Amino acid sequence: SQRPDLTALISAQLGNLFFDEENYPQAAACYRHAIRALPRRRPTDQILYQYGLSLQRSGRFADARFAFGEILT
């Protein structure tokens, strides 16, 4: 896609699929790619939350703390 917003939403959906399969490292990679191009409005907050959960479940707790902190700001 030539549209960064559409590419980001597709990456987020791929992250959701990996998350549902409990493939948390791959889900985190997709979410990380998605949040770079999404604006600071919905659904970015939900994607950041899923990103944080994926990082936690991958054992990357410091990175997860950063993702959860981004939701608050």
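Bear in mind that the values here come from a model prediction, so they are computed numbers and not experimental data.

A short note on the overall build of the protein chain
For the protein chain, the helix and strand inventory stands at 4 helices and 0 strands. Secondary structure elements of the protein chain, listed N to C terminal, follow the sequence α-α-α-α. Computed over C-alpha atoms, the radius of gyration of the protein chain comes to 11 Å, within 12% of the 11 Å expected from 2.2 N^0.38 for 73 residues, which places it in the range of a compact globule. Counting only residues that meet the buried cut, the protein chain has 33% of its 73 residues in that class. For the protein chain, the exposed area adds up to about 4,900 Å²; of that, 54% sits on carbon and sulfur atoms. For the protein chain, the distance from the average site of its 9 positive side-chain charges to the average site of its 7 negative ones is 6 Å.

A word on the side chain of S11
Take S11: it is sitting in helix α1 (residues 4-20). Its relative accessible area of 10% is what places S11 among the buried residues. Each residue touching S11, except ones within four places of it in the same chain, is listed here: C30, H33 and A34.

What about unusual backbone geometry?
The phi dihedral of E22 is positive, around 65°, even though this residue is not glycine. On the basis of relative accessibility, which here comes to 58%, the residue E22 falls in the exposed class.

A word on the packing of α1 against helix α2 (residues 24-37)
Across the interface, α1 lies against α2 with an axial gap of 8 Å and an inter-helix angle of 160°. Regarding the angle of α1 to α2, the classification is roughly antiparallel. When you trace α1 past α2, the crossing you get is left-handed. Every residue of α2 that contacts α1 at P4, T7, A8, S11, A12, L14, G15, N16, F18 and F19 is listed here: Y24, Q26, A27, C30, Y31, H33, A34 and A37.

Examining the nonpolar core
Counting 17 residues, the largest nonpolar core has F19, Y31, I47, Y51 and L55 as its most contacted members. If you list the elements that add at least two residues to this core, you get α1, α2, α3 (44-57) and α4 (61-72). The element best represented in this core is α2, accounting for 6 residues. Not counting chain neighbours up to four residues away, the residues in contact with I47 comprise A12, Y31, A34, I35 and L38.

Basis of the calculations
- Residues numbered from 1 in each chain as written.
- Predicted model: local features only at pLDDT ≥ 70, side-chain atom pairs only at ≥ 80, totals over all residues.
- Heavy atoms only, no water.
- Helix = DSSP H or I, 4+ residues; strand = E, 2+ residues; numbered from the N terminus.
- Rg over C-alpha atoms; globule rule 2.2 N^0.38 Å.
- Buried < 20%, exposed > 50% of the residue type's maximum accessible area, 1.4 Å probe, protein only.
- Areas by Shrake-Rupley, 256 points an atom, 1.4 Å probe, with all protein chains shown as cover.
- Lys, Arg positive; Asp, Glu negative; His and termini not counted.
- Charge placed at Lys NZ, Arg CZ, Asp CG, Glu CD.
- Contact = heavy atoms within 4.5 Å.
- Axes fitted to C-alpha atoms, helices over the stretch in contact; angles between N-to-C directions.
- Parallel < 35°, antiparallel > 145°, perpendicular 65-115°, else oblique.
- Left-handed = near helix turned anticlockwise from the far one by under 90°.
- Core = buried A, V, L, I, M, F, W, Y, C linked by side-chain atoms within 4.5 Å.

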